[in-house]
Each structure stands twice: as structure tokens, then as C-alpha cells.
Amino acid sequence: MTFTEKAVEGTGRFLDDRLRGAVSVRGFLRKIFPDHWSFLLGEIALYSFIILLLTGTFLTLFFQPSMTEIVYHGSYLPLRGVRMSEAYASTLNISFDVRGGLLMRQVHHWAALLFMAALMVHMLRVFFTGAYRKPREFNWLIGIVLFTLGMLEGLFGYSLPDDLLSGTGLRITEGVIQSIPVIGTYFAYFLFGGAFPGHIIIPRLYVIHVLLIPGLLLALISAHLFFMFHQKHTQMPGKGRTNANVVGAPMYPYFMAKTGAFFFFIFAVLALLSTFAQINPIWLFGPYNPSGITAGSQPDFYMGALEGALRIMWPWEWNIAGHTLAFNVFIPALVPLGIIFTGAALWPFLERWAIGDYSEHHVNDRPRNAPTRTAIGMAAITFYGVLWLEGANDVIAAQLQIPLYTLTWIARFAVILGPVIAYWVTKRICLGLQRKDAHLLAHGVETGIIRQLPSGEFVELTRPVPEQDRAALEYNRVNAPELPRTTPDGADAVPAPETRSMLGRDRVSAVRRGTEGIPVAADGHGNGHGNGHGAPAAVPGGAHPALEQDAADGADGEGHPPSH
Amino acid sequence: MSETNGSHRDEPPDEPGPEEPRGPYRVIGTPPPAQARTLLGEAEHISTEPVVRELPAGPDDPKKATGAERIVAALFLLSLLASIAFIAAYVALPVHSLDAVFRSNLALGLTMAIAFGAVAVGAVIWVKVIMPHVELVEPRKPLASTPEARAAFTQTFTEGAEASGFVKRPMLRRTLIAASAGLAIAPLVLLRDMGPLPGTSLRHTVWRKGLRLLVYGPNTPIRPADFAIPGQMITVVPDGYQDNQDALAKAATIIIKFGPGQLVPDTPRTYGTKMNWTVDNIVAYSKICTHVGCPVALYEETTHRILCPCHQSTFDATRGAAVTFGPAARPLPQLPLGVDAEGYLVATHDYYEPVGPSFWERG
């Protein structure tokens, strides 16, 4: 018995006698974690959150959430003698009189940006690989709530210092709240304790920022991790990876060491950013004053799309029966992100209904193999992206020397046309990539060696795709689940009765679009055809003779075409 | 790690040990106690038998691993040194001035980054080179429970519901629901005192007849003659309220001087400047944008356009601040101006319409 074993047994006996964990903890240590670079994105968000908790706790030791007006007498000379709130003065104090205070403030702010950025990219990864599918819909929904809460948490957080920029953000927030029909004015007065700015909003935002939302985030993140753990992580397609297994390295020691290293790495990156990239230098903005403003006022990046939506909107307001409907404010504030969040929340269920796929999925899709989903995702990114860029239209206009109004007009069109174009282009690209995959599978990898046949013909030598890559190329399409058939067999067949209603017709069309793809024609799996996938619509007969040739080659040859 | 390990459990599901008395028999199909106890539900695959070795004890390439060990150890030491340097920087470097703070930030941030980064890099090399490469396969069972388990659950739940009488006794059920609704709604009244009711407060500002306009900043009153160069714009605040943020949030005003004939008068057919509210071609508009309330602080003299820097609502200062571009739907309200006995600019009335962003009761 080695020393390690003895040590483990001794401690283990003590704990197991009391807690009975040998079986469950061993299962925990042996838990398999699949590996893929994109699985790190969620970890970035998690570790940013932990860093936010640590640095945020430090900041609360010094920050005064108070709007009491005082005259500043601190270290920062340009503001000495200026009247300001205690919140702003204590933020100056953290920056200039607490050793490491500026560093912690900057790490906190950078970590908030990284948290939101990582959430975004993580959500996109989950969307584009189809990792939200059954059984993981709950985690997808939790993710959307986390993102929404993160936006609020960030907005409230950067409003706390009560500098000119953050006060302007609060003013806009108040104006937006006030525009909500019927309840808006009351909501604003209750939140701000009266007319803007009042004397209570900072303490209220403070308790929401340090207690309420972090508590919710912590609970939801715990649930998110628990579900992930319980359901086991998804894996990317590859050799030996199926819906019935998890392939990867065990939690202990591999994943533990890697994820620990990753946490330290993120902390290091945030420390570097905070050392060399100044963020939110509030001493330059001065204390908040409702009649002051600076040009180029920008919110943090995750609020940019909302800001852009406000800027892009038409000046549309109605007065009806003594009441004002400020469409120009509450529509951009609620509708664009409402579409994105509601759409994202409904999407797993819509997709399931539309293509009739009710099975469990543990192997992710490659985005190209779900062209419609990928195209919709790109359309959403374009929609959000145009709004986000428009949120900085004054900066862009100044940098690129484009007239400001022209830019806004471009954005007004682009926000509608951009997503349509993005949808179409993405779909074509996905189908093109599928074609490339099908070609690779059928013909093998080009070697660049040209050989002349006795007949005088030149051919290029190819070699078969290596087994490992082959599995990844084929998986999602040859293992696609059998879907309910909603299209009749032949042109003359009578459509099923349930497909003749309006909903039925929509569903047939949805199935056709949702399962559009290029058949994998290699090595006799045959599943590429006949299960609703590889709908012929994608490859009109005769339009791609080369591809049909491929298919023919693949069908009669056993496996890969000869590499001559 | 096989899935058929039910027989290895210390408590076989259907044969309670004869020697020890137990509680109520478990319903068939529910998990055995040992399984139910595992919080994460992961124990099913774990046999309690001794397992075959799954991880190699040594690295893939012992020679490389020895070299890597030195590098990793050096990195860990570097991290320790950086931590010591961090403490030293904290103790040695003062703050209290902009330059000192930046020096301190540089030293603390850099040492902190190295302290974390060196451990991170070291650990990655450790995993990649020293730990042997393994790929294990863990079976994944369908998440759904067996039909028997579900049936048993339904039965248990139904039994509970029946025993409680919740289903059979509608009076109990309905009164409980009513009580819950009361408990949920009653505390909401506690939120009422978070703020006063808006009433008509959004319709008024502190401006009133005879209140002087103070130049914002120096807070001095201003005579039309002091403000005689066309094209100038300044911010003014009501006398006595220059430090009252709540008042300024609505009352902040801009005045602009125009040359003769530049202002376009308001007529019943076209919107324009109310000329009898101006003094010597000086016109006063609310500084609070009618979109969402940012101060409209930018003025372009050549085009007479007032621009809000937040969302680029643009107002034509010669035409009663009518909207020419952007999301704002209404002109900036105009403040009626006059001069008092000493010749200073004063308001002759409050704004005649609510300033700032729209709200439901505005009408």
C-alpha cells in the first residue's frame, strides 16, 4: 500500500463513516468531460462571475452608496472643492486613496464586460451546435434569464459611481421607464422615490446590485451547473462518440487541473487589462449634473443594442384621449431585444415542432449541418449587430467621416435587410460546406499529386479521409433521427390530411426548410436519403452533375473511391 | 463502469436484509435507498467492486515530462515571487495622486497578472505533458426514468394527495388558494411608499414670472446686452436653484442669440418661434430632450441645429426647436422671456407645456 493510498484511506474512512461518499464522490471524480475549445466559453462566464463576486466584495468595503451632497477634499486635485454625492466621492476615494482600489475597480469592470461577452458567445455556441435541444431546454432558458439579469446588473453597477456618464445612463433609463404606457410614470416615481434624480436611487440600485441580482445569478448559475452536471455535457461529433456515451478525460485530475488553470488564466488576463487598458476613468467625467453631458456618451457594450434601437427609431408618438403613447421610446426599448429573447426562448420548442424531432441529443451538430438554424442565428446576429453598431453611430460617423444622419438611414434599412441577406448567404454557405464534406467523403482528400494514366488522362491522387475526421464529417447526417414523414412519396400521391390545413402546410414547409441538406452519399450508410433529410430541393436534379456523379461513385464503390 | 450493477449494491432492491428491520417497504420501481441518496444521481455506473486501472500511472513521454516538470516548477516559483512583489508594491508604493496611483496600479496589476498567469501556464503544461493522455468512455443512460418508476411516482404523489384530502375536499383547497392569493398580494402594498404619486409634478418646473436666468457655472444674472453676439448658446438655470439637482433636471434651459430676422415666427400654419417670448432675438428652450431627457448640449451655429448627443435628436433653433431628425417626437418647449426692472433676463412664466420625455398622463 503506497503512502498516497494510506493517506486517502485514512481521511476517506473518517469522512465516509460520517457522510457516506465513497461511491458518489468516486463517480464525481471519474466524471467524464468532453473536450472542445468552445466548451470553455461558459467557463469564462463562470469564472468572470466569481471574480466579480471577489472584487465586488472588496469594493463594498469602501463604497458609500449615498447621494448626500458633500464637498470633495480628497486626493484628486482637479475636483477639490466640487460639490458631489458621497457615492462619487467614495469612488474617487477607492481610485486614489485605497491602495489597489483602482486595480480592483478596473478588474471588476473588465470582468463585467468579459462576463457578458462570454455569456453572449457561449449562447451562440450552444445555439449553433444545437446543444439546447432535448433534454437541455431548461438550461437554455436559464441562460436567457442569466443574460437578461446580467444586463440589468451591469447597468445598475455602472450607474453606482454617480459620475456624469452613469447619471446620463440613469436619466435615459428613467426616460424609458416613463414612456411605458399607463404605469410608466408611477413606476419611475416609485423607483426613483419621486422626480428624477431624487436622493434615493443610488442606495436602491446598490442593494439590487450587490444583493438581489447577484443572489438570483448565483442561484440560477448553480441550477445551470447542476443540470449540466446531471445531464452530462454534450460532445462534438467524432469517432466513437454517440448519443449513448460521453468521451473525454475524467474530472479528476484532468478537468480539475485544466479548469483551475483556466480560472487563473482569466484572472491574469483581467489583471493585465486592468493594468494597461484604463476603463471608466470616472474622475475625468466629473460628478453627475442633470444639465451636463459629454459628446460620445456610450453605455457599456452589452447595452449598445438598446441604445442603437433608441437612435434608429422613427419619431412616432400619439396623443389619444389625453394620453401620450411614446412609440418612439418604448418600442425600441422593448421590441428588438424582446424579439431576440422571446425568439431564443421559444426556439427549441419551435424547432422541435417544426421538424418533428422529439429525440434526445447529446452529440452536437456542426453548424453547417443545420443550415436553417445557422441561417436564423446569423440573421439574429445581424439584427443585433446593426443595432449595436448604431448605438455607437456618432463615434463611427466621426471616425469614418460618414455624415451622422446618413449612417442612421443606412442602419434603418440595414436592420431589416441585413438579416434577410445574412439568412440567405449563410444558408448558401452552409449548403456549400456540406457539399464540400460530401465531396471529401466521396473522393477523399486531395494529395496534390497528379498522375498520367496510360490513356493519357491526368488524374489527381486522393487518399481517404482519416477515420477520426470521417466520423465527425458524417455523424450528424447519417445519424439524423427518423423524422415523421410529412411529404407524400411521389408527385401523384395524395397529401396526408393533417398536412392540408394551414398549420399543416406551414409545418410541411418547415420540415422541408429545417432539414434541407446535401446528402452524404458515401459508403452505403444510405441514411442520408429517405428519412426526410437530404431533401432534393437543395440539389435540383441535373443542376449539379458533378455531385450526382459523386453520389453514383459513392453508391457503387464500397467505401471510398479508389485513390488510384 | 457497467450499467448492470444493480446486483452489486449493498442493498439489493427487492430482498431486504433478513437481519435488520427496515422501515416501510420501498415501492417497486423507485430507486434503492443507496441510489436515492446520491445527490447527483451519478452513482449508477459505479460498481462497488475493485475496478481495473483506468489511468496510466506515468506520463506518455517520461523524458519530456522531466523537462516539463522543471519548467512548471519554475513557473510556480515565478508566481510566488510575483506574489511577494505584489505585497512589496502594496507596502512600498504610495497612492494619493494621479501619477502615484498609476504607478501603483501598474506594479500591482502586473505582479498580480504574473502571479495568476504563471500558475495557469504551469498547470496547463502539467496537464498536457506530465499527465498521461487518456480518453475514457462513460456510458450515458437515457434521462427518462423507467415506466415503472414513473408509475410508482404517480402513485406516491397521488397517495399523498389523497391522504391530504386536497383533491377530495374542495372547500379546503379553495380557501387555501384564496388565502395564498391574499398572502401574495397583501405585501405588495408595502411598496407603495417607495415614492410619491407623480400627480402633476411632471407638468411644472420651478420657473415662474420674474425669476432671473443665471448663467450656468458662474451663476450670474445676464442682461441682453451681455449676450449680443448672434450664434452664441449658453445654459441658464433659475435663480436660487443652481444647486438643486431635482429642480435642474427639469428646469435646465438654453438661450441662443440670433441676428435680426433669423428667427422664423410661429404662425397658425407653420410651427415656429413664439416671437413675443423672445427678447432682442434671444430665445430660450428647455435643455431637457423631449426624447428620453438627456441635456441637448450641442449647437451648430451655421445650421441653427440643436443636437442631443445621446440619440441625435435634432431641433431647428430658428423654428421653435422643431424636430428635424432623430427619435424625438416633439419640439423643445420654449420658455417665455422678459427683462426685469434692472434689465436682467427673466422668465415671464413657467414653461407652458411639460418639459422632457413623454409620459402617459402628458396628453
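Here the structure is shown first, and the text comes after it.
All values reported here derive from a predicted model rather than from experimental measurement.

Asker: Run through the overall build of chain A, naming residues and quoting values.
Answerer: When you go through chain A residue by residue, the secondary structure sums to 19 helices and 8 strands. Taken across its 564 residues, chain A has 45% of its residues classed as buried. Considering only residue pairs separated by 6 or more positions, chain A has 72% of its internal contacts joining residues 24 or more positions apart.

Asker: How would you sum up the interface of chain A and chain B? Please name residues and give values.
Answerer: Counting residues at the interface gives 91 residues for chain A and 84 residues for chain B. Here the element with the most residues in the side of chain A that touches chain B is helix α10 (residues 251–276) of chain A; it accounts for 14 residues. Taken together, the residues that form the side of chain A that touches chain B break down as 46 nonpolar, 32 polar and 13 charged. Strand direction decides the pairing type here: strand β4 (residues 245–250) of chain A and strand β1 (residues 136–139) of chain B, joined by 4 bridges, are antiparallel. Within the sheet, the bridge partner assigned to N245 of chain A lies in β1 of chain B and is P139 of chain B.

Asker: Please provide a residue-by-residue account of helix α12 (residues 304–312) of chain A, values included.
Answerer: Residues and elements named next belong to chain A. With 8 of 9 residues buried, α12 lies mostly within the body of the structure. Buried within α12 are the following residues: A305, L306, E307, G308, A309, L310, R311 and I312. Where α12 is buried, its residues contact α13 (327–355), α14 (371–390), α15 (393–400) and α16 (404–443).

Asker: Go over the nonpolar core with me, naming the residues and quoting the values.
Answerer: Core analysis: the biggest nonpolar cluster contains 169 residues, and A111, F115, F264, F267 and L270 of chain A together with F116 and A120 of chain B have the highest contact counts within it. Once you skip the residues sitting within four places of it in the chain, F264 of chain A turns out to touch F116, V119 and A120 of chain B.

Asker: Would you mind going over unusual backbone geometry in detail, with residue names and values included?
Answerer: Cis peptide bonds are those with omega within 30 degrees of zero, and the linkage from K134 of chain A to P135 of chain A qualifies with 10°. Among the structural elements, P135 of chain A can be located in the loop between α5 (101–128) and α6 (137–159). The linkage connecting Y252 of chain A with the following residue, P253 of chain A, adopts the cis geometry, with an omega of 5°. With respect to the helices and strands, P253 of chain A occurs in helix α10. Of note, H304 of chain B is a non-glycine position whose phi angle comes to about 55°, a positive value. Relative to the helices and strands, H304 of chain B is located in the loop between β6 (298–300) and β7 (305–307).

Asker: Break down the pairing of strand β4 (residues 253–257) of chain B for me, with residues and values.
Answerer: All names here are of chain B. Judged by how many residues are buried, β4 sits mostly within the fold: 5 of 5 residues are covered. Of the two faces of β4, both are covered, the one formed by T253, I255 and K257 as well as the one formed by I254 and I256. As paired elements, β4 and strand β5 (residues 282–286) share 5 bridges and run antiparallel to each other. From the neighbouring strand, I255 faces β5, where its bridge partner is A284.

Asker: I'd like to hear about the sheet that holds β5 of chain B, residue by residue, with values.
Answerer: Where strands meet in a sheet, backbone hydrogen bonds hold them as pairs that are either parallel or antiparallel. Taken in spatial order, the 5 strands of this open sheet run β2-β3-β4-β5-β10 (chain B), and their pairing is antiparallel. A single partner strand is all that each edge strand has here, and the edge strands are β2 (213–215) and β10 (334–335) of chain B.

Reading guide: rules and limits
All residue numbers here refer to positions counted from 1 along the written sequence of the relevant chain. Naming scheme: in the order in which they are written, chains are lettered from A and ligands are numbered from 1. Under the rules for a predicted model, residues below a pLDDT of 70 receive no local features and side-chain atom pairs below 80 are neither given nor counted, while totals for whole chains, interfaces and linings still include all residues. Runs of H or I in DSSP of at least four residues are treated as helices and runs of E of at least two as strands, each being numbered from the N terminus. Backbone-placed C-beta atoms define the burial measure: a residue is buried with 20 or more other C-beta atoms within 10 Å of its own, exposed with 12 or fewer, and partly exposed in between. Two residues form a contact once the distance between their C-beta atoms, set from the backbone, is within 7 Å. For this scheme, ten residues count as nonpolar: Ala, Val, Leu, Ile, Met, Phe, Trp, Tyr, Cys and Pro. Four count as charged, namely Asp, Glu, Lys and Arg, and the remainder, Gly too, count as polar. Criterion used throughout: strands pair if DSSP finds at least two bridges between them. By convention the nonpolar core is taken to be a set of buried residues drawn from Ala, Val, Leu, Ile, Met, Phe, Trp, Tyr and Cys and joined through C-beta atoms within 7 Å.

Everything listed is a geometric property; what it means functionally is a separate question.
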